[in-house]
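Breakdown of the fold
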Amino acid sequence: MPFREINSKMVEAQVLPGQRLFSQRGAMLAYRGEVSFTPNVGGGQGGVMSMIGRRVAGEATPLMTVEGHGTVLFGHGGHHVQVVNLSGDTLCVEADRLLAFDGSLQQDTLFLGAQGGVMGMVRGQVTGQGLFTTTLKGHGAVAVMAHGGVIELPITPGRSVHVDPQAYVAHYGEVRNKLSTALGWRDMVGRGSGEAFQLELSGQGAVFVQASEEKL
């Protein structure tokens, strides 16, 4: 169920009988045809654990299940929209940056602290970002949101990418993440941006970085 980019802030999705997609609540701008929108309190395909991850990450509203036959225009808050097409890959994305995605994709929740150790846990307390990241795996399309545009940076073996945690949008591929700081604990107080923290991504894949550090 591909998304077609209408402009930098809006995408159109085809909804076909027997298929479904999920969207963030409030993301529907307009639609044509016989299309229904139903709150999904189970967190989509990921069930309860997926929903727990999304709520801990700061998303208080459920996903919407979109079904029927027609076309839907999606956008939210005037944010930039980036479409990511998956061909069996796994996409890790901040839960509140998800705009809409294919219902066929398998959902799960990644606890960033599992890879980043204690510093991974610090991320949610100091930078304001969530500890949990939603993962989507399979063949399908995902529309994610960002502030001020987004750029895709390749991650290759031996050449890791360092990202300001608040500029991070999503990443895919065989990638490991590690949060580190260039400052001492005393210097970190009150600092939630890249001058204090760096999210290091290594392996094989790519990371999407937004132009603004503003949190959605």
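Residues numbered from 1 in each chain as written. Predicted model: local features only at pLDDT ≥ 70, side-chain atom pairs only at ≥ 80, totals over all residues. Heavy atoms only, no water.

Observations concerning the overall build of the chain
Per the secondary structure count, the chain includes 3 helices and 13 strands. Classification of the 216 residues of the chain by burial places 50% in the buried group. (Helix = DSSP H or I, 4+ residues; strand = E, 2+ residues; numbered from the N terminus. Buried < 20%, exposed > 50% of the residue type's maximum accessible area, 1.4 Å probe, protein only.)

As for the side chain of Q210
Looking at where Q210 falls in the secondary structure, it is placed in strand β13 (residues 197–210). The buried category is assigned to Q210, whose relative accessible area is 4%. Engagement of the side chain of Q210 in a polar contact is seen with the side chain of R97, the distance being 3.1 Å. Discounting residues that sit within four places of it in the chain, Q210 has contacts with R97, A146, H147, G149, V150, Q166, A167 and V169. (Polar contact = N/O pair within 3.5 Å; in protein donor to acceptor, adjacent residues only side chain to side chain. Contact = heavy atoms within 4.5 Å.)

Concerning the pairing of strand β5 (residues 63–74)
Across 5 bridges, the pairing between strand β2 (residues 10–15) and β5 is antiparallel. In the strand pairing of β5, V15 is matched with G70. The pairing of strand β3 (residues 20–24) with β5 spans 5 bridges and is antiparallel. Note on β5: the bridge partner recorded for F22 is T65. Bridge analysis of strand β4 (residues 28–40) against β5 gives 12 bridges, and the strand direction is antiparallel. When the bridges of β5 are listed, V35 appears paired with G68. (Pairing = 2+ DSSP bridges.)

Some thoughts on the environment of H139
Turning to its location among the elements, H139 is positioned in strand β9 (residues 132–146). When the C-alpha atoms of H139 and N85 are compared, they prove to be 7.7 Å apart, with 54 residues separating the residues in sequence. Discounting residues that sit within four places of it in the chain, H139 has contacts with L86, S87, G88, S104 and L105.

Quick look at the confidence of the model for the chain
With 69% of its residues at a pLDDT of 70 or more, the chain shows a mean pLDDT of 79. Here helix α2 (residues 113–126) is the element of the chain with the lowest mean pLDDT, 43, and β2 is the one with the highest, 96. Long-range and interchain partners of residues 46–61, a stretch whose pLDDT sits below 50, account for 27 contacts in this model, where long-range means more than four residues apart. The model gives residues 113–130 a pLDDT under 50, and that stretch makes 48 contacts with residues more than four places away or in other chains. (pLDDT = per-residue confidence, 0-100.)

Considerations on the nonpolar core
Formed by 17 residues in total, the largest nonpolar core has its most connected members in F3, V11, L21, V66, V72, F74 and L99. Among the secondary structure elements, those contributing two or more residues to this core are β2, β5, β6 (80–93), β7 (98–102) and β9. Not counting chain neighbours up to four residues away, the residues in contact with V66 comprise V15, Q19, R20, L21, S23, V35, S36, F37, V72 and F74. Judged by nonpolar contacts, the second largest core, of 16 residues, contains F101, L105, L136 and F208. (Core = buried A, V, L, I, M, F, W, Y, C linked by side-chain atoms within 4.5 Å.)

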